[in-house]
Amino acid sequence: MTIFEQIGADLLYPDSDGKPMADNTEQYRWIVLIKENLEILFANNDNILIAGDLLWYPVRSLLITPTAPDVMVVFGRSKGKRRSYRQWQEDNIPPQVVFEILSYSNDTNEMERKLEFYDTYGVEEYYLYDPESFQLDGWLRQNNHLNKLWQMDGWISPSLGIKFQTGQGELAIYRPDGQRFLNSLELNQRAEQAELLVEQERQRAERLAAYLRNLGIDPDNLP
């Protein structure tokens, strides 16, 4: 693609819809929580793209209005920078999993349009969470359509392997290894605790080595 073709494409398919990423702190908190924990979960797989608030153009047509899922996961596409997700430039692979976090500005008509969009353009799993009411809804593609899931408490995503728990009020999400999705502060605290345990073990080993030397035993040459 020449520079002139690129400029033309950028004008036809802008990288922003002019809408804010989030309307409030709670919506933003959940977008970041889900996006960043999925990034951590799939950090070692270079062929899984995870993005937040990235404008998705499913087809090369000016008649189709794009949408920007709060979080989307695309298997089969490399990690890396994207100004928008133009599907015809991505081996025509649609996002397989999308998340939406409900906010005050979202009305019923808008969410119905999003569900129709995701159903039409190939999303395999769609999750909608309302942080105010703690309501989690989910849809799974079956027989070429997104069908409503009627039991979300304990549901495990077929694509992601993560588990949703809704029975204790606020949504909790768990990785396949059983670890709960944590915010940045909790992740930092866990890392500090791990460092503290390592340091405590190092000091314990040093004390044991000193004790052995006092007994005339070389700790580096134990049988």
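As shown above, the structure is provided for reference.
Residues numbered from 1 in each chain as written. Predicted model: local features only at pLDDT ≥ 70, side-chain atom pairs only at ≥ 80, totals over all residues. Heavy atoms only, no water.

Asker: Looking at this structure, I do not really get the overall build of the protein. What am I missing?
Answerer: Helix and strand content of the protein: 4 helices and 10 strands. Element order for the protein, N to C, with α for helix and β for strand: α-α-β-β-β-β-β-α-β-β-β-β-β-α. By residue count, 36% of the 223 residues in the protein fall in the buried class. When contacts within the protein are restricted to residue pairs at least 6 apart in sequence, long-range pairs at least 24 apart make up 56% of them. Summed over all atoms, the accessible surface of the protein reaches about 13,400 Å², with 51% contributed by carbon and sulfur. (Helix = DSSP H or I, 4+ residues; strand = E, 2+ residues; numbered from the N terminus. Buried < 20%, exposed > 50% of the residue type's maximum accessible area, 1.4 Å probe, protein only. Contact = heavy atoms within 4.5 Å. Areas by Shrake-Rupley, 256 points an atom, 1.4 Å probe, with all protein chains shown as cover.)

Asker: Which parts of the structure should I look at to understand helix α3 (residues 108-120)?
Answerer: Residue pairs three or four apart in sequence face the same way in an α-helix, which turns once every 3.6 residues. For α3, built from 13 residues, the straight-helix expectation of 18 Å at 1.5 Å per residue is met to within 8% by its first-to-last C-alpha distance of 18 Å. E110, M111, K114, F117 and Y118 are the residues of α3 that are buried. One face of α3 carries all of its buried residues, which in axial projection span an arc of 115°. In α3, the exposed positions angled more than 90 degrees off the buried face are occupied by T108, R113, E116 and T120. G122 sits one or two residues past α3 and shows a positive phi near 95°. (Expected span 1.5 Å × (residues − 1). Arc of directions from axis to C-beta.)

Asker: What is the right way to read the packing of aromatic side chains from this model?
Answerer: Each aromatic ring pair is described using two quantities: the centre-to-centre distance and the angle formed by the ring planes. Counting across every chain of the model gives 11 aromatic pairs. Ring plane angle 55° and centroid distance 4.9 Å describe the contact between F117 and Y121, whose orientation is recorded as tilted. Put simply, the rings of W56, F117, Y118, Y121, Y126 and W139 touch in pairs and so form one group of aromatic residues. (Phe/Tyr/Trp six-rings, centres within 6.5 Å; stacked < 30°, edge-to-face > 60°.)

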